[in-house]
Protein chains: 2
Amino acid sequence: MKLTSKGRYAVMALADLARFDNINPVSLRDISLRQGISLDYLEQIFSKLRKKDIVQSVRGTQGGYVLNKKAKEIKLTNIFDAVDEKVKTVQCKKDSKKGCNGKSTKCLTHNLWDELENHINNFFEEKSLEDLVKDNVERRI
Amino acid sequence: MKLTSKGRYAVMALADLARFDNINPVSLRDISLRQGISLDYLEQIFSKLRKKDIVQSVRGTQGGYVLNKKAKEIKLTNIFDAVDEKVKTVQCKKDSKKGCNGKSTKCLTHNLWDELENHINNFFEEKSLEDLVKDNVERRI
DNA sequence: AGATACTTGACTAATTTAGTCAGGTTTATA
DNA sequence: TATAAACCTGACTAAATTAGTCAAGTATCT
Ligand code: FES
Ligand code: FES
């Protein structure tokens, strides 16, 4: 199982944003250059982040994006949810009563994968953007 | 991020194997039928499991596969390792000093993904085949 | 007016996954 | 000893997903 670029970039870009105050917007171009992410790709990502109210956009010259909440309140869960980076461990439809093999009972491993999914999601629910920024400040000392 | 079929099937098939004693070999054909996994695909998977000494093969008529260790000693880590289902969260080469953006320092999120990887691997190191079998027996009651 | 930067949707190349297929070899047992 | 069950291997392929690119806008500051 691996993390996709979309999720990785979303968090990376927001971490970049979060390093600045929430007043002066940061342009995607700057983020693109600093983080080495394609500008066009960033635009796709930020479009989604905006729709989920994680960032606010400022159009025109000197425009860019600003965090819409405090860094502490933005959890990885929220970010991943916004860009459709989802954790999927089971094969079957979760709410269906059928198993992944088409049978009427859940397969031998269903419970295990469900536990795994929760385990991973817990991590995402605990980590906030603030944690990320702090970690980077500390490492710089 | 999602789990691939190869990893899922490997664990599913071994869980099936583990329900029986370690004396009479279980044929892939039986597993294929019970678990709804393509026989040809199972063969690929078991070839890898055998190379890593997780199972033993018995050729010929009435042949099949047998667990090579006690279910308690087979952790998910071992299984995933055998079938090359690996957890990959960072983009960069781990041992390299370069970051994923080609720069000379690790990116803002590198540490975070590293933590995530450990978090997931911890789960795999704790869970054994025995846990799986027990869980299924309990549910049946 | 012009430059900067957001906005959107469609398109595509590359990669990965999830198998299939064909041709073996080994061994129990009738 | 013939035969069938079952392991064994490598090559091939279709489908899905990912990771972008590209083109054509719109808004706003200076
Ligand atoms: S994963 Fe849900 S039934 Fe198999
Ligand atoms: S993931 Fe390692 S440097 Fe970005």
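Details of the structure are given in the entry above.
Residues numbered from 1 in each chain as written. Chains lettered and ligands numbered in written order. Predicted model: local features only at pLDDT ≥ 70, side-chain atom pairs only at ≥ 80, totals over all residues. Heavy atoms only, no water.

Asker: It is not clear to me how the packing of helix α1 (residues 5-18) of chain A against helix α2 (residues 28-35) of chain A should be interpreted in this structure. Could you clarify?
Answerer: Angle between the axes and distance between the axes are the two parameters that describe a pair of packed helices. Residues and elements named next belong to chain A. Axis separation between α1 and α2 bottoms out at 10 Å; the angle between their running directions is 110 degrees. As the angle between them shows, α1 and α2 are arranged roughly perpendicular. α2 is crossed by α1, and the crossing has right-handed handedness. Where α1 approaches α2, its residues M12, A13, D16 and L17 are matched on the opposing element by I31, R34 and Q35. Tallied by class, residues from the contact of α1 with α2 come to 4 nonpolar, 1 polar and 2 charged. (Axes fitted to C-alpha atoms, helices over the stretch in contact; angles between N-to-C directions. Helix = DSSP H or I, 4+ residues; strand = E, 2+ residues; numbered from the N terminus. Parallel < 35°, antiparallel > 145°, perpendicular 65-115°, else oblique. Left-handed = near helix turned anticlockwise from the far one by under 90°. Contact = heavy atoms within 4.5 Å. Nonpolar A, V, L, I, M, F, W, Y, C, P; charged D, E, K, R; others polar.)

Asker: What exactly am I supposed to notice about the packing of helix α5 (residues 110-126) of chain A against helix α5 (residues 110-126) of chain B here?
Answerer: Here α5 of chain A crosses α5 of chain B at 155 degrees, and the two axes come no closer than 10 Å. By the angle class used here, α5 of chain A and α5 of chain B are roughly antiparallel. Where α5 of chain A crosses over α5 of chain B, the handedness of that crossing is right-handed. The residues of α5 of chain B that touch α5 of chain A, namely those facing L112, E115, L116, H119, I120, F123 and F124 of chain A, are L112, E115, L116, H119, I120, F123 and F124 of chain B. Within the contact of α5 of chain A with α5 of chain B, the residues separate by chemical class into 10 nonpolar, 2 polar and 2 charged.

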